[in-house]
Amino acid sequence: MSLHALARSVVFAVFCLSLLIALAGWLVRTRRISPFSHLGRLFRSVSEPFTSPIERRLVRAGGNPVHAGWWLVVGVAVAGVILLSLWDWAIGMVGAMSGAASGGPRAVAGLVVVIAYNVLIVALFVRVIGSWFGAFRYSRWMRPAYALTDWLVEPLRRILPPFGMMDVSPLAAWFVLWVLRQLLLSVL
C-alpha cells in the first residue's frame, strides 16, 4: 500500500469516526436515546469532548447547539480534503524539483516561474474568497494575500471601469499573470 493510499484511508477513517461521534451526540440531544440511560451517558461521554468547543462557538454565533456534531463532520471533511491536496502538492513539488535539478538552469528558472505563478494565484484566490466572507484586509490571515497581490490588483482596479457591485480586477490580474507566465515559459 502506497503512502498516499494510506493517507487517504486515514482521512476516511477519521471522517467516519467524526460521523459516528456526530450521530451519537445527535441521538442523545434530540432524545432519540434517553440522555440518562447507560447508552445515552456513554454516547455523551464520547461525543461531548469533540463537540463542546464547536457548540460554544455555535451558541456565541447564534446557532443551534444540536448541530455541533454535524459541523464537526463538515470540518473534518474540509480539513481532510485540504490535507490530501497539500500532500499531493508536496509530492508533486518534490518531483518537479528533482526534475528541474537534473534539467539544468533553464529548468530551474522555469520551475521558479511556475512556483511564483502558483503562489500568486493562491493569494488571489484567498483574497477573493476572503472578500466574500467580509475578511478585513489587515487581518492576520488576509495580510499576506494582499501583500502579494496589491502590486498587480490595485493598478488594474484604477484602470478598469466598475461593473456594478462586482470587482473584476482579480480576474484581470489572473489573466495578466497567466499571460506573463506563458511568455516567460516560452522564453525559457
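First, a word on scope: everything that follows refers to the structure included in this document. Everything numeric here is computed off the predicted structure, so don't read it as measured data.

The rules we used
- Residues numbered from 1 in each chain as written.
- Predicted model: local features only at pLDDT ≥ 70, side-chain atom pairs only at ≥ 80, totals over all residues.
- Heavy atoms only, no water.
- Helix = DSSP H or I, 4+ residues; strand = E, 2+ residues; numbered from the N terminus.
- Buried < 20%, exposed > 50% of the residue type's maximum accessible area, 1.4 Å probe, protein only.
- Contact = heavy atoms within 4.5 Å.
- Core = buried A, V, L, I, M, F, W, Y, C linked by side-chain atoms within 4.5 Å.
- 1 Å grid on protein atoms, 1.4 Å probe; cavity = no way out; pocket = protein on both sides within 12 Å on 5 of 7 lines; lining within 4 Å.
- Points joined across faces, edges and corners; volume = space filled by probe spheres on them.
- Axes fitted to C-alpha atoms, helices over the stretch in contact; angles between N-to-C directions.
- Parallel < 35°, antiparallel > 145°, perpendicular 65-115°, else oblique.
- Nonpolar A, V, L, I, M, F, W, Y, C, P; charged D, E, K, R; others polar.
- Phe/Tyr/Trp six-rings, centres within 6.5 Å; stacked < 30°, edge-to-face > 60°.
- Lys NZ or Arg CZ within 6 Å of the ring centre and 35° of its normal.
- Expected span 1.5 Å × (residues − 1).
- Patch = residues over 30% accessible without salt bridge, like charges linked within 9 Å, V, L, I, M, F, W, Y side chains within 5 Å.
- Areas by Shrake-Rupley, 256 points an atom, 1.4 Å probe, with all protein chains shown as cover.
- Salt bridge = Lys/Arg side-chain N within 4 Å of Asp/Glu carboxyl O.

A look at the side chain of Ser-18
Item 1. Checked against the element boundaries, Ser-18 lands in helix H1 (residues 3-29).
Item 2. Judged by relative accessible area, which is 4%, Ser-18 ranks as buried.
Item 3. Filtering out sequence-adjacent residues up to four positions away, Ser-18 remains in contact with Leu-72, Val-73 and Val-76.

Description of the nonpolar core
Item 1. Residues Tyr-117, Leu-120, Leu-124, Leu-152, Val-153, Leu-156, Ala-172, Ala-173 and Leu-177 constitute the largest nonpolar core, which totals nine residues.
Item 2. Listed by contribution, the elements that provide at least two residues to this core are helix H4 (105-132), helix H5 (143-159) and helix H6 (169-187).
Item 3. Filtering out sequence-adjacent residues up to four positions away, Ala-173 remains in contact with Leu-124, Leu-152, Val-153 and Leu-156.

As for the layout of surface pockets
Item 1. There is about 280 Å³ of room inside the largest pocket.
Item 2. Around the largest pocket, the lining residues are Arg-127, Val-128, Ser-131, Trp-132, Tyr-146, Arg-157, Met-165, Met-166, Asp-167, Val-168, Pro-170 and Leu-171.
Item 3. Contributions of two or more residues to the lining of the largest pocket are made by H4, H5 and H6.
Item 4. Of all the elements, H4 adds the most residues to the lining of the largest pocket, at four residues.

Here we look at the packing of H4 against H6
Item 1. Relative to each other, H4 and H6 sit at 175°, their axes nearing to 10 Å. Compared by their axis directions, H4 and H6 come out roughly antiparallel. For the pair H4 and H6, contact is made by Arg-106, Gly-110, Val-113, Val-114, Tyr-117, Leu-120, Ile-121, Leu-124 and Val-128 and by Pro-170, Ala-173, Trp-174, Leu-177, Trp-178, Arg-181, Leu-184, Leu-185 and Val-187, respectively.
Item 2. Its residues assigned to classes, the contact of H4 with H6 comprises 15 nonpolar, one polar and two charged.

A look at the environment of Arg-57
Item 1. Within the secondary structure layout, Arg-57 lies in helix H2 (residues 38-60).
Item 2. Sequence separation of Arg-57 and Ala-68 is eleven residues, and the distance between their C-alpha atoms is 9.0 Å.

Remarks on the environment of Pro-49
Item 1. Locating Pro-49 in the fold gives a position in helix H2.
Item 2. Once the C-alpha coordinates of Pro-49 and Ile-21 are considered, the two residues, 28 residues apart in sequence, prove to be 9.9 Å apart.

Brief notes about the packing of aromatic side chains
Item 1. Taken as a whole and judged by the stated rule, the model has two aromatic pairs.
Item 2. Arranged with centres 5.5 Å apart and planes meeting at 65°, the rings of Phe-136 and Tyr-138 form a pair that is edge-to-face. An identical accessibility class is assigned to Phe-136 and Tyr-138; each is exposed.
Item 3. When the ring centre of Tyr-138 is taken as origin, the NZ or CZ atom of Arg-137, which lies over that ring, is 5.5 Å away.
Item 4. When the ring centre of Tyr-117 is taken as origin, the NZ or CZ atom of Arg-181, which lies over that ring, is 4.8 Å away.

A word on H1
Item 1. With 27 residues, H1 extends 39 Å from end C-alpha to end C-alpha; this agrees with the ideal 39 Å at 1.5 Å per step.
Item 2. Of all the positions in H1, only Val-11, Ser-18, Ile-21, Ala-22, Ala-24, Gly-25, Leu-27 and Val-28 are classed as buried.
Item 3. After H1 finishes, the residue Arg-31 shows a positive phi value of roughly 65°.

Notes on a nonpolar patch on the surface
Item 1. A grouping of Leu-3, Leu-6, Val-10, Val-14, Trp-87 and Ile-91 is seen on the molecular surface, where their side chains present a nonpolar patch of about 540 Å² in accessible area.
Item 2. Considering every element that reaches the nonpolar patch, the biggest residue donor is H1, with four residues.
Item 3. Tracing the backbone through its elements, the reader meets Val-14 in helix H1.
Item 4. Taking relative accessible area as the criterion, Val-14 reaches 42% and is therefore assigned partly exposed.

Considering the packing of H1 against helix H3 (residues 68-103)
Item 1. Contact pair H1 / H3: the axes reach a minimum separation of 8 Å and the direction vectors enclose 175°. Taken as axis vectors, H1 and H3 run roughly antiparallel relative to one another.

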